[in-house]
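Coordinates in review
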Amino acid sequence: MPTPDTAFTDKIALRKAIRRQRMALTPTYRAQAMRAVARHASRLLQRGRRIGGYLAAGSELDVEILLSTALQRGASVWLPQIPARGRRMWFSRLSGSGRWYRHARYGIVEFDGPCLRAEKLDVLLVPLLAVDEQGYRMGQGGGFYDSSLGFRQRPRRYGKPLLVGVAYDCQRVATVPREAWDVQLDYLLTESGLHRFTRSPGDKAS
């Protein structure tokens, strides 16, 4: 059984390897992937749905076209806001009346609008660094999505939001080091399609 120290070391090594692979993708490939994920996500972008998205950072897969399509179809788009305290994020509605600003501590761009928690969304697009065959993700290490999705650890009374990991195919691995608080994704969205994960044993149906 791996110790906490070896698990930590494994995560560092995996993060480095996946980042190298992701950064090696060409601009042409990235642009094609951005268009492909928008097509593959089409059935998720229904009118009236609350779609949680993100702004791509670094070499992450960009979902700008996907989110624009959601707005065109009458869905609303909600972007993450890092709180001043703690790690449980809010999600702010993208509209023409809010404002963009840069987070004072992390320097990332956020949108100032009406906010809600993740459990009030219908679909949440989750960025990640690596994802395994069972639908467990490894993020950047900040713990913001883990904290924001902690409610999914409880027996589910409903199936919202639908958790959709977003990644390039090169970010898929057999297994990722897991922690007790890790939450299973419902789907993975990549340039090759929308892939559904089988629910883990003991996870109650909605």
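The structure we're discussing is the one just above.
First, a word on scope: everything that follows refers to the structure included in this document. Each residue is numbered by its place in its chain's sequence as written, counting from 1. Totals for whole chains, interfaces and linings use all residues, but because this is a predicted model, local features are given only for residues with pLDDT of at least 70 and pairs of side-chain atoms are given and counted only at 80 or more. Hydrogens and water molecules were not included; the side-chain quantities draw on all heavy atoms of the structure.

A separate point is the pairing of strand β7 (residues 123-127). Here's how the labels work: a residue is buried when its accessible area is under 20% of the maximum for its type, exposed when over 50%, partly exposed in between, all with a 1.4 Å probe on protein chains only. Helix and strand assignments follow DSSP, with helices taken as H or I runs no shorter than four residues and strands as E runs no shorter than two, numbered in order from the N terminus. Taken across its 5 residues, β7 has 5 buried, putting it largely inside the fold. Burial along β7 is two-sided: V123, L125 and P127 facing one way and L124 and V126 facing the other are all buried. The rule for pairing is simple: two strands pair if DSSP sees at least two bridges between them. As paired strands, strand β1 (residues 50-52) and β7 are joined by 2 bridges and run parallel to one another. Bridging from a neighbouring strand, G52 pairs with L124 of β7. Relative to strand β10 (residues 162-166), β7 is paired through 5 bridges, and the arrangement is parallel. Bridging across to β10, V126 finds its partner in G165.

Put simply, the grid is 1 Å and covers the protein atoms alone, a cavity is a trapped set of points that fit a 1.4 Å probe, a pocket is an open set with protein on both sides within 12 Å along at least five of seven lines, and lining residues have an atom within 4 Å of a point. Grid points are joined across faces, edges and corners, and a volume is the space filled by probe spheres set on the points. Following the criterion strictly, the structure yields 1 cavity of 30 Å³ or more and no others. Considering only enclosed or pocket space, the largest cavity measures out at about 60 Å³ in volume.

Moving on: the pairing of strand β5 (residues 109-112). The pairing of strand β4 (residues 99-102) with β5 spans 4 bridges and is antiparallel. Looking at β5, one finds that R99 is bridged to D112. Hairpin connection, β4 to β5: the antiparallel pair is bridged by 6 residues, and G107 has positive phi, about 75°.

Moving on: the layout of surface pockets. Any space left empty among the atoms is revealed by the rolling of a water-sized probe across them. Considering only enclosed or pocket space, the largest pocket measures out at about 880 Å³ in volume. As for the largest pocket, its lining consists of 33 residues, and the residues nearest its centre are Q140, G141, G142, F144 and Y145. Among the elements of the structure, α1 (4-23), β2 (76-81), β5, β9 (137-138) and α4 (144-148) are those that each provide at least two residues to the lining of the largest pocket. Throughout this entry, Asp, Glu, Lys and Arg are counted as charged residues, while Ala, Val, Leu, Ile, Met, Phe, Trp, Tyr, Cys and Pro are counted as nonpolar. The remaining residues, Gly among them, count as polar. Here the lining of the largest pocket is composed, by residue class, of 19 nonpolar, 6 polar and 8 charged.

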